[in-house]
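Coordinate analysis (summary)
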Amino acid sequence: MTDVISLQSVAHLFGTSKKRCGIYLLAFQPGLFYIGQAVDVVRRFSQHRKNHDDIVGFSFIPVPKSELDAIEKGYIFKAESRGLKITNAVHVTSVVGDTDFDLVVPITEQNNWLHSDDKLMFPIDAHPKIVLPESQKLRYSKKFSRFGKQPLSARALALLKQYLHSCVPVPRRTEYSFWAVSCMPVTVSEWKRLVCVNAAFMELFVVGHLQQDPTSLWAFVNVAEDVLLEHWKSIDTLKEKYPFLSVERTNYRNAGQYQVRLFCQGTSESMKALLLDPGISKAAATLVLRVMRKRATIFGKYHCPQLADLALAA
């Protein structure tokens, strides 16, 4: 680690011959760190310095441009696992410091909600419905009408309602800005989607049907693996209780290193059982909270207010 507490540039460390493409680490005054990638790290450092006067340390490892993404992610995971306080937003499990989400749901309320054994004690209708432009409803009115005619619509709606009640913090207050639900989004594969809940850049919960059989339901929920394993000895133990369950590791940039998908196919009762399981619902809720604290959702424009109102009705 090079001391750069008073330096405006690190050009002297590279001159004209040393490679400038690679992964860098910045250390800040309060014991915080940031890991990033740059094609020209000298230029990137100067950009950071313009915005941060508390950078005290700098390290760099040359890396080929084609390997920047993978190696950056690996270093972030390692640093986080060793207990370093990383200020990155992408790839980390939990963001450090204040976030936009904290202005809507204070930290104390977040913690009380997350650690509550009965999330239904938090009234879902304690906050008034948001008012969106009429064009938002008109945009999805046809899809919402088609959804109501689907053989699985009632079961999909029941699962959506359970998910929002159990896994999404104060859904009325966070709707549209931090989570969104799309109605029958376009799907190019045979796995047709009926409802999809999103946050940040990722999917959280999806219910759908097979193209060749509109009565064959499938669903998945993304959860925090570290929290899941606090309640279950292993994934194998979990699957022993729920033999219909398929577990696969996912790779969303916003979900950090502890992310898995729980997938089931057949009946809505299978997914309902998962959402009612205390260990699984807490793991899902934890992932939702982690993702929402990182950034607002980009899926607001796909939000179907009719479907949300139906799912959030008392």
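Bear in mind that the values here come from a model prediction, so they are computed numbers and not experimental data.

Comments concerning the packing of helix α6 (residues 153–167) against helix α11 (residues 278–294)
- Two elements in contact, α6 and α11, have axes whose closest approach is 9 Å; the angle formed by their N-to-C orientations is 70°. Regarding the angle of α6 to α11, the classification is roughly perpendicular. On α11, the residues that touch Y163, S166 and C167 of α6 are S281, A284, A285 and V288.
- A breakdown of the residues in the contact of α6 with α11 according to their chemical character gives 5 nonpolar, 2 polar and no charged.

Quick look at helix α2 (residues 68–81)
- For α2, built from 14 residues, the straight-helix expectation of 20 Å at 1.5 Å per residue is met to within 8% by its first-to-last C-alpha distance of 20 Å.
- Listed as buried for α2 are L68, E72, K73, I76, F77, A79 and E80. Buried residues along α2 cover an arc of 165° about the axis, so they all sit on one side.
- Buried-residue contacts for α2 involve β2 (22–28), β3 (32–38) and β5 (85–86).
- Looking at the residues trailing α2, positive phi occurs at G83, about 90°.

Quick look at the pairing of β2
- When you tally the buried positions in β2, you get 7 out of 7 residues, the bulk of the element.
- Note that β2 and β3 share 6 bridges and pair antiparallel. Bridge assignment links Y24 to a residue of β3, and that residue is G36.
- Hairpin connection between β2 and β3: a loop of 3 residues separates the two successive antiparallel strands, and G31 in this loop has a positive phi of roughly 90°.
- Bridge count between β2 and strand β4 (residues 55–62): 7 bridges; the pairing is antiparallel. Bridge pairing in β4 links G22 to P62.

Some points on the pairing of strand β6 (residues 180–183)
- Here β6 shows a buried face lined by A180 and S182 and a second buried face lined by V181 and C183.
- Note: β6 against strand β7 (residues 191–199), 4 bridges, orientation antiparallel. Note on β7: the bridge partner recorded for C183 is V195.

Focus: the state of the cysteines
- The full count for this structure, using the stated rule, is 0 disulfides.
- Of all cysteine sulfurs, the one in C304 lies closest to C183, which takes part in no disulfide; the gap is 4.5 Å.

Observations concerning unusual backbone geometry
- Phi is positive for V170, close to 25°, though the residue is something other than glycine.
- Along the polypeptide, V170 turns up in the loop between α6 and α7 (171–174).
- Despite not being glycine, M184 shows a phi value in the positive range, around 50°.
- Residue placement: M184 occurs in the loop between β6 and β7.

Some thoughts on the packing of helix α5 (residues 134–148) against helix α12 (residues 305–312)
- Remark: α5 packs on α12, axes separated minimally by 8 Å, with the N-to-C direction vectors making an angle of 65°. Between α5 and α12, the residues in contact are Q136, K137, Y140, S141, F144 and F147 and P305, Q306, L307 and L310, respectively.
- Looking at the contact of α5 with α12 residue by residue, the classes come out as 6 nonpolar, 3 polar and 1 charged.

Some points on the sheet that holds β6
- Judged by pairing direction, the sheet is antiparallel, and its 6 strands sit side by side in the order β6-β7-β8-β9-β11-β10 without closing on themselves. Each having just a single partner strand, β6 and β10 (246–249) make up the two edges of the open sheet. Recorded for the sheet is a direction-independent mean angle of 20° between the axes of neighbouring strands.
- In this sheet, strand β9 (residues 213–224) lies alongside strand β8 (residues 202–210) in antiparallel orientation, the contact comprising 6 bridges. By the bridge assignment, L210 is partnered in β9 with D213.
- In the packing of helix α10 (residues 268–276) onto the sheet, contacts are made with β8, β9 and β11 (259–266), and the angle to β11 comes to roughly 145°.

A few points about the packing of aromatic side chains
- Counted according to the given criterion, the structure contains 13 aromatic pairs.
- Taken together, a centroid distance of 5.2 Å and an interplanar angle of 80° make the contact between F14 and F60 edge-to-face. Residue F14 is located in the loop between β1 (2–3) and β2, and its partner F60 is located in strand β4; the two are separated by 46 residues in the primary sequence.
- With centroids separated by 6.2 Å and ring planes inclined at 40°, the aromatic side chains of Y24 and Y34 adopt a geometry described as tilted. Separated by 10 residues along the polypeptide, Y24 in strand β2 and Y34 in strand β3 bring together distant segments of the chain.

Quick notes on the rules
Residues numbered from 1 in each chain as written. Predicted model: local features only at pLDDT ≥ 70, side-chain atom pairs only at ≥ 80, totals over all residues. Heavy atoms only, no water. Axes fitted to C-alpha atoms, helices over the stretch in contact; angles between N-to-C directions. Helix = DSSP H or I, 4+ residues; strand = E, 2+ residues; numbered from the N terminus. Parallel < 35°, antiparallel > 145°, perpendicular 65-115°, else oblique. Contact = heavy atoms within 4.5 Å. Nonpolar A, V, L, I, M, F, W, Y, C, P; charged D, E, K, R; others polar. Expected span 1.5 Å × (residues − 1). Buried < 20%, exposed > 50% of the residue type's maximum accessible area, 1.4 Å probe, protein only. Arc of directions from axis to C-beta. Pairing = 2+ DSSP bridges. Disulfide = S-S within 2.5 Å. Phe/Tyr/Trp six-rings, centres within 6.5 Å; stacked < 30°, edge-to-face > 60°.

From the geometry alone we can't say anything about function, so treat these as descriptive.
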